[in-house]
Amino acid sequence: MPHGGAPTGGGTVAGVAIDVTPLTPAIGAEIGNFDVSTAGDSPADVAEVRQALLDHHVLVFRDQNVDREQHKAFGRLFGELHIHPSKRGPDAKGDPEIFSVKADENSVRNNGGRWHSDVSCDDMPPMGSILHLKTAPPQGGDTMFANMHLAFETLSEPIREMLVGLTAYHDGLQDLRWYGYEPQPGFSYPATSHPVVVTHPDTRRPLLFVNPAFTSRIEGLSDHESTALLAMLFDHVAQTPTLHCRVQWEPGTLVFWDNQCTQHFAVWDYYPHKRHGERVTIAGTEQPQAVGAGGVA
Ligand code: SIN
């Protein structure tokens with residue numbers, strides 16, 4: 001369960017529990033008294049972080065001075081690191097375990113500038129992502145997050161019942177093309193089907209698992225049925241503020257989100273200024289599992 005207390009920023013006080021301060025009733029918490037750079041030394045604190053992630057889904061750590069190796073080591077405390085599809089090609093450049101997030105005066109899109117969960121087109125989508133901000137714009141550049149358990153639970157019962165049992169196609173190429181890219185010859189981007197309503201691997205709580213970046217159609221429906229149903233679900237997530245929290249970043253802010261039960265939207269309101277961060281992503285361990293009949297796990 002969450003602990004009370006104000007966030008303390010980076011730095012762990014040995015033997016003292018981490019501080020967890022919720023951001024909203026629905027999603028997000030600021031974590032204090034925890035130093036990401038030395039996290040591996042404190043298994044009990046890491047267990048508390050894991051529990052806080054299950055409770056709040058998005059964790060914000062302030063003033064974290066971590067280098068790449070410490071960032072990756074923190075990620076590995078929660079699972080194997082995931083390689084982004086753009087880093088799986090023969091000509092991929094740079095550290096495959098580091099995904100750079102950058103926008104500046106030359107950008108035509110920012111990374112993650114629409115609601116999505118990371119790489120939902122993978123057979124086993126990532127369990128979580130950890131973004132460490134290096135450069136922040138003078139104002140703006142916030143990230144919005146949505147709780148996808150609540151997104152499902154706040155739909156009406158007839159719609160929930162209709163969604164259970166449906167599957168949707170998640171297409172990595174759709175996302176790649178949104179950024180204006182085409183795959184290199186001989187290089188295929190992942191695409192797969194997942195149930196529309198899945199259960200969280202740890203809690204088995206149901207959640208809505210479609211997003212506008214990757215989900216291209218609901219299978220078994222006509223084109224106009226699929227388009228209308230997806231538009232309704234995407235609008236529900238975007239237009240229900242009680243599902244959301246909004247994180248403001250500074251250099252050194254590190255955010256760990258549970259990619260299985262959240263979506264996020266990186267707001268690009270700072271052009272022509274620069275925002276840059278590095279993301280480490282944790283591999284998922286199972287294919288998304290369908291919820292049982294009637295909408296319960
Ligand atoms: C992303 O991982 O989608 C980018 C998030 C962000 O830049 O805040």
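This text goes with the structure placed above it.
Conventions and cut-offs
Residues numbered from 1 in each chain as written. Predicted model: local features only at pLDDT ≥ 70, side-chain atom pairs only at ≥ 80, totals over all residues. Heavy atoms only, no water. Core = buried A, V, L, I, M, F, W, Y, C linked by side-chain atoms within 4.5 Å. Buried < 20%, exposed > 50% of the residue type's maximum accessible area, 1.4 Å probe, protein only. Helix = DSSP H or I, 4+ residues; strand = E, 2+ residues; numbered from the N terminus. Contact = heavy atoms within 4.5 Å. Pairing = 2+ DSSP bridges. Axes fitted to C-alpha atoms, helices over the stretch in contact; angles between N-to-C directions. Expected span 1.5 Å × (residues − 1). Arc of directions from axis to C-beta. Salt bridge = Lys/Arg side-chain N within 4 Å of Asp/Glu carboxyl O.

Participant: Lay out the nonpolar core with the relevant residues and their values.
Facilitator: By size, the foremost hydrophobic cluster in this structure holds 28 residues, and its most contacted members are Leu-163, Val-196, Leu-208 and Val-210. At the level of elements, strand S6 (143–147), helix H3 (148–153), strand S9 (197–199), strand S10 (206–208) and helix H6 (223–238) are the ones that each hand at least two residues to this core. Setting aside residues no more than four positions away along its own chain, Leu-208 makes contact with Met-148, Ala-151, Phe-152, Leu-163, Val-196, Leu-233 and Val-237. Among the nonpolar cores identified, the runner-up in size contains 24 residues, and Val-20, Val-36, Ala-39 and Leu-59 belong to it.

Participant: Give me the lowdown on the sheet that holds strand S8 (residues 191–195), citing residues and values where you can.
Facilitator: Strand pairing in a sheet relies on backbone hydrogen bonds. The paired strands run either parallel or antiparallel. Sheet architecture is open: three strands sit in the order S8-S7-S11, paired in antiparallel fashion. Unpaired on one side and paired on the other, S8 and strand S11 (215–218) mark the two borders of the sheet. Averaged over all pairs of adjacent strands, the angle between strand axes in this sheet comes to 25 degrees, irrespective of strand direction. Sheet topology note: the strand S7 (residues 167–171)/S11 ladder contains three bridges and is antiparallel. Within the sheet, the bridge partner assigned to His-170 lies in S11 and is Thr-215.

Participant: Help me get a handle on helix H1 (residues 43–56), residues and values and all.
Facilitator: Along an α-helix, a turn takes 3.6 residues, which lines up residues three or four apart on a common side. Given a rise of 1.5 Å per residue, 14 residues ought to cover 20 Å, and the 20 Å separating the end C-alpha atoms of H1 matches this to within 8%. When we look at burial in H1, the residues that qualify are Asp-45, Val-46, Val-49, Ala-52, Leu-53 and His-56. Seen end-on, H1 carries its buried residues on one side only, within an arc spanning 115 degrees. Seen from the buried face of H1, the exposed residues on the opposite side, beyond 90 degrees, are Pro-43 and Ala-44. Contacts from the buried residues of H1 go to strand S1 (19–22), strand S2 (29–32), strand S3 (58–61) and strand S13 (254–258). Within two residues after H1, His-57 carries a phi angle of roughly 75 degrees, on the positive side.

Participant: Describe the pattern of salt bridges, listing the residues and the values that go with them.
Facilitator: Working definition: two side chains of opposite charge can pair if their charged atoms are close together. Summed over the entire model, instances satisfying the criterion amount to 15 salt bridges. Here Asp-95 ties to Lys-72 by a salt bridge, and the two come within 2.7 Å at their closest N and O atoms. With a gap of 23 residues between them, Asp-95 in the loop between helix H2 (68–76) and strand S4 (99–103) and Lys-72 in helix H2 connect regions that are remote in the sequence. We note that Asp-95, like Lys-72, is buried. Among the ionic pairs, Arg-88 bridges to Asp-122, the shortest N-O distance being 2.8 Å. You can see Arg-88 sitting in the loop between H2 and S4 and its partner Asp-122 sitting in the loop between S4 and strand S5 (128–135), a full 34 residues away along the chain. By relative accessible area, Asp-122 is classed as buried at 7%. Salt bridges sharing common partners tie together Glu-69, Lys-72, Arg-76, Asp-95 and Glu-97.

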